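Secondary and tertiary structure notes
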Amino acid sequence: MPRLAELHQIDAPGCDQVVSRFTDRAKFSELNSAAVTEDNYFSRRRENAKHPVASHAKEFFRKLRRFRRPTGAMLVVLGPDGAGKSTVINALESGLAPFFRRYRYIHFRPGFGDAASGGSTGKPNTDPHGQKPRSLPSSWLKVGYYTADYISSYARTLRTQLAASTLIIFDRYYQDLLVDPKRFRLCGCELLLKLLAPLIPKPMLYLVLDAEPEAIHARKPELPLEELTRQREIFRQFAQSEHRAVIIPTGGDETETLTFALKTVVRKIAERETER
């Protein structure tokens, strides 16, 4: 919202036009009102500069409030290979840019907070089930390693970045370990993964991309149709059981899909801002 307020100061009509593209009239009014309120807030900050002690105190409490209730957003995009994750993520990055100061893309895991690495490399895997599974002890250790990465990275860096109005988008997340353990060479870890799942930091939204297995297989035939059908069903079950999750159909018109994804996120941002 601070970024939206700054844009509102620079070009109020243009800002209103951008926001109105992605939300309905009621939510647009809420966002516009919040932006104007932030305009007044920046005016007060200029006045407070005349009183340094009071200004520093207010700034400290403002940052504390932001850390407790970040103005950034963490999104997780899930779905089988070929469901359209890259296309949706690119649209979210460009479409949501006016709402945030910074953007960070992370593939699968944060890499213990290393912003330079951005987590795992995300290089295309043309044979996701081709490697030999790890032993049971090694698989359990790997799950512990992944879990520590998610928890420590969120505490050390991601939370701070969210407080600084950063848009963080994950391409894959912890749920992929449960849906497709073969990809990560895990065996005998389903119960352990389910036990540790409540400890993993939750995003603002899970965007679960969904399409017919035949359509996905036509885009990326690396996995058998039966495996894609199985993965799709597990992702859909997750979306139906998780209140933060929204299913994004990707089997139809691409423009409609991307518009729906953007509107879904913007509505969630508007709802969050009205609750502050």
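Preceding this paragraph is the structure being described.
The structure displayed is predicted, hence computed values, not measured ones.

Moving on, we get to the overall build of the protein. Scanning the protein from N- to C-terminus turns up 11 helices and 5 strands. Here the protein holds 276 residues, and the buried ones make up 46% of them. When contacts within the protein are restricted to residue pairs at least 6 apart in sequence, long-range pairs at least 24 apart make up 78% of them. Summed over its atoms, the accessible surface of the protein is roughly 14200 Å², and 55% of this surface lies on carbon and sulfur atoms.

Let us look at the sheet that holds strand β1 (residues 73-78). If you trace the 5 strands from one edge of the open sheet to the other, you get β2-β3-β1-β4-β5, paired in parallel fashion. Since the sheet does not close on itself, it has two edges, and those belong to β2 (102-107) and β5 (245-249), each with one partner. Put simply, the sheet's adjacent strands are angled 20° from each other on average, direction ignored. When β1 meets strand β3 (residues 166-171), the two strands line up parallel, connected through 5 bridges. In the sheet register, valine 76 faces β3, and the bridge partner there is phenylalanine 170. The strands touched by helix α6 (residues 136-163) within the sheet are β1, β2 and β3, with β3 carrying the most contacts at an inclination of about 145°. Packed on one face of the sheet, helix α11 (residues 254-274) meets β1, β4 (205-210) and β5 and runs near 160° to β5.

The subject of this paragraph is the nonpolar core. Met74, Leu78, Phe170, Tyr173, Tyr174 and Leu177 are the most contacted members of the largest nonpolar core, which totals 30 residues. For this core, the elements supplying multiple residues, two or more each, are β1, α6, β3, α7 (175-179), α8 (190-196), β4 and α10 (225-241). Ranked by the residues each element gives to this core, the list is headed by α6, at 6 residues. Look past the residues within four positions of leucine 177 in its chain and what remains in contact with it is Phe108, Tyr146, Phe184, Leu186 and Leu193. Counting 28 residues, the second-largest nonpolar core is a separate cluster that includes Ile89, Leu209, Ile248 and Ala261.

Our focus in this paragraph is the pattern of salt bridges. Considering all chains together, one arrives at 13 salt bridges under this definition. Salt-bridge contacts for arginine 183 lead to aspartate 180; the nearest nitrogen and oxygen are separated by 3.4 Å. Arginine 183 sits in the buried class, given a relative accessible area of 14%. Across the pair aspartate 210 and arginine 236 runs a salt bridge whose closest N-O atoms are separated by 2.8 Å. Of this pair, aspartate 210 sits in strand β4 while arginine 236 sits in helix α10; the two residues are 26 residues apart in sequence, bridging distant segments of the chain. Within the structure, one salt-bridge network assembled from shared partners comprises Asp81, Lys85, Arg172, Asp176, Asp180 and Arg183.

As a further point, take the environment of glycine 111. Topologically, glycine 111 is positioned in the loop between β2 and α6. Along the sequence, glycine 111 and tyrosine 150 sit 39 residues apart, while their C-alpha atoms lie 8.2 Å from each other.

Cut-offs used in this document
- Residues numbered from 1 in each chain as written.
- Predicted model: local features only at pLDDT ≥ 70, side-chain atom pairs only at ≥ 80, totals over all residues.
- Heavy atoms only, no water.
- Helix = DSSP H or I, 4+ residues; strand = E, 2+ residues; numbered from the N terminus.
- Buried < 20%, exposed > 50% of the residue type's maximum accessible area, 1.4 Å probe, protein only.
- Contact = heavy atoms within 4.5 Å.
- Areas by Shrake-Rupley, 256 points an atom, 1.4 Å probe, with all protein chains shown as cover.
- Pairing = 2+ DSSP bridges.
- Axes fitted to C-alpha atoms, helices over the stretch in contact; angles between N-to-C directions.
- Core = buried A, V, L, I, M, F, W, Y, C linked by side-chain atoms within 4.5 Å.
- Salt bridge = Lys/Arg side-chain N within 4 Å of Asp/Glu carboxyl O.

Limitation: the analysis is restricted to geometry and does not speak to function.
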